[in-house]
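The primary structure of each chain is shown beneath.
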Amino acid sequence: MSKLHLQELQSYDWPGNVRELQNVIERAIILSRGGDLQFEVPRRVSRNGWPSGQTPPSDDNEAEELSLDQLVVRERAIVSKALERSRWKIYGADGAAAPLKIKPTTLVSKMKRLGVRKESG
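Residues numbered from 1 in each chain as written. Predicted model: local features only at pLDDT ≥ 70, side-chain atom pairs only at ≥ 80, totals over all residues. Heavy atoms only, no water.

S.K.: Can you tell me about the overall build of the protein chain, naming the residues and giving the values?
M.R.: Regarding its fold elements, the protein chain presents 5 helices and 0 strands. Seen in sequence order, the protein chain has helices and strands lined up from the N terminus as α-α-α-α-α. Carbon and sulfur atoms form 52% of the exposed surface of the protein chain, whose accessible area is close to 9,900 Å². (Helix = DSSP H or I, 4+ residues; strand = E, 2+ residues; numbered from the N terminus. Areas by Shrake-Rupley, 256 points an atom, 1.4 Å probe, with all protein chains shown as cover.)

Right, dumping it as structure tokens:
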């Protein structure tokens with residue numbers, strides 16, 4: 001475990017108490033596969049519902065309008081790029097699901113929902 005990870009674990013206030021800490025540690029152990037532990041400490045959320053240090057975008061100074069359609073477009077691009085990099089392999093350590101950190105079955109569902117298909121030819 002690096003000093004940065006230790007500082008991250010110590011600086012988080014653990015609102016879920018011991019169970020939340022236990023879940024983070026168990027997840028790190030499972031994902032490490034015998035290598036270095038990679039902790040995914042939850043981001044702190046302020047009272048306004050945004051991560052600490054961030055404020056929601058203001059309608060007055062927002063350069064571009066946010067929409068769920070943009071989220072779908074971005075998600076489709078991320079999934080497509082992962083599939084291209086894996087040469088359309090979904091399962092296994094070198095499959096597209098691994099770098100996305102999702103189950104292969106979840107990736108298949110996302111592909112169907114987003115309409116992502118390998119072009120034949």
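S.K.: Any chance you could break down the environment of Arg76 for me, citing the residues and the numbers?
M.R.: Relative to the helices and strands, Arg76 resides in helix 3 (residues 68-85). Spatially, the C-alpha atom of Arg76 lies 9.5 Å from that of Arg113, the residues being 37 residues apart in sequence. Among residues more than four places away in sequence, those in contact with Arg76 are Leu114 and Val116. (Contact = heavy atoms within 4.5 Å.)

S.K.: Please provide a residue-by-residue account of the layout of surface pockets, values included.
M.R.: There is about 440 Å³ of room inside the largest pocket. In this structure, the largest pocket is lined by 17 residues; those nearest its centre are Leu31, Arg33, Ala98, Lys101 and Ile102. Contributing elements (two or more residues each) for the lining of the largest pocket: helix 2 (17-32) and helix 4 (97-100). The biggest single contributor to the lining of the largest pocket is helix 2, with 5 residues. Partitioning the lining of the largest pocket into residue classes produces 8 nonpolar, 3 polar and 6 charged. (1 Å grid on protein atoms, 1.4 Å probe; cavity = no way out; pocket = protein on both sides within 12 Å on 5 of 7 lines; lining within 4 Å. Points joined across faces, edges and corners; volume = space filled by probe spheres on them. Nonpolar A, V, L, I, M, F, W, Y, C, P; charged D, E, K, R; others polar.)

S.K.: Quick one: what's the story with the nonpolar core, residue by residue and with numbers?
M.R.: Core analysis: the biggest nonpolar cluster contains 10 residues, these being Val79, Ala82, Leu83, Ile90, Ala96, Ala97, Leu107, Met111, Leu114 and Val116. Listing elements by their share of this core, those giving two or more residues are helix 3 and helix 5 (104-114). In this structure, Leu107 is in contact with Val79, Leu83, Ile90, Ala96, Ala97, Leu100 and Ile102, ignoring residues within four places of it in sequence. (Core = buried A, V, L, I, M, F, W, Y, C linked by side-chain atoms within 4.5 Å. Buried < 20%, exposed > 50% of the residue type's maximum accessible area, 1.4 Å probe, protein only.)

S.K.: An account of helix 2 is requested, with residue identities and associated values reported.
M.R.: In a regular helix each residue adds 1.5 Å, so 16 residues correspond to 22 Å; helix 2 covers 23 Å between its end C-alpha atoms and thus fits that length. Three or more residues of helix 2 are buried, namely Glu20, Val24, Ala28 and Ser32. Axial view of helix 2: buried residues confined to an arc of 105°, hence all on one face. In helix 2, the exposed residues that point more than 90 degrees away from the buried face are Val18, Arg19 and Ile30. (Expected span 1.5 Å × (residues − 1). Arc of directions from axis to C-beta.)

S.K.: Describe in detail unusual backbone geometry, supporting the description with residues and values.
M.R.: Even without being a glycine, Arg87 presents a positive backbone phi close to 55°. Looking at where Arg87 falls in the secondary structure, it is placed in the loop between helix 3 and helix 4. Phi is positive for Trp88, close to 65°, though the residue is something other than glycine. On the secondary structure map, Trp88 appears in the loop between helix 3 and helix 4.

S.K.: Can you tell me about the confidence of the model for the protein chain, naming the residues and giving the values?
M.R.: On average, the protein chain scores 77 in pLDDT, and the residues at 70 or more come to 75%. Considering only residues more than four positions removed or in separate chains, one finds that residues 45-49, a stretch of pLDDT under 50, has 8 contacts. (pLDDT = per-residue confidence, 0-100.)

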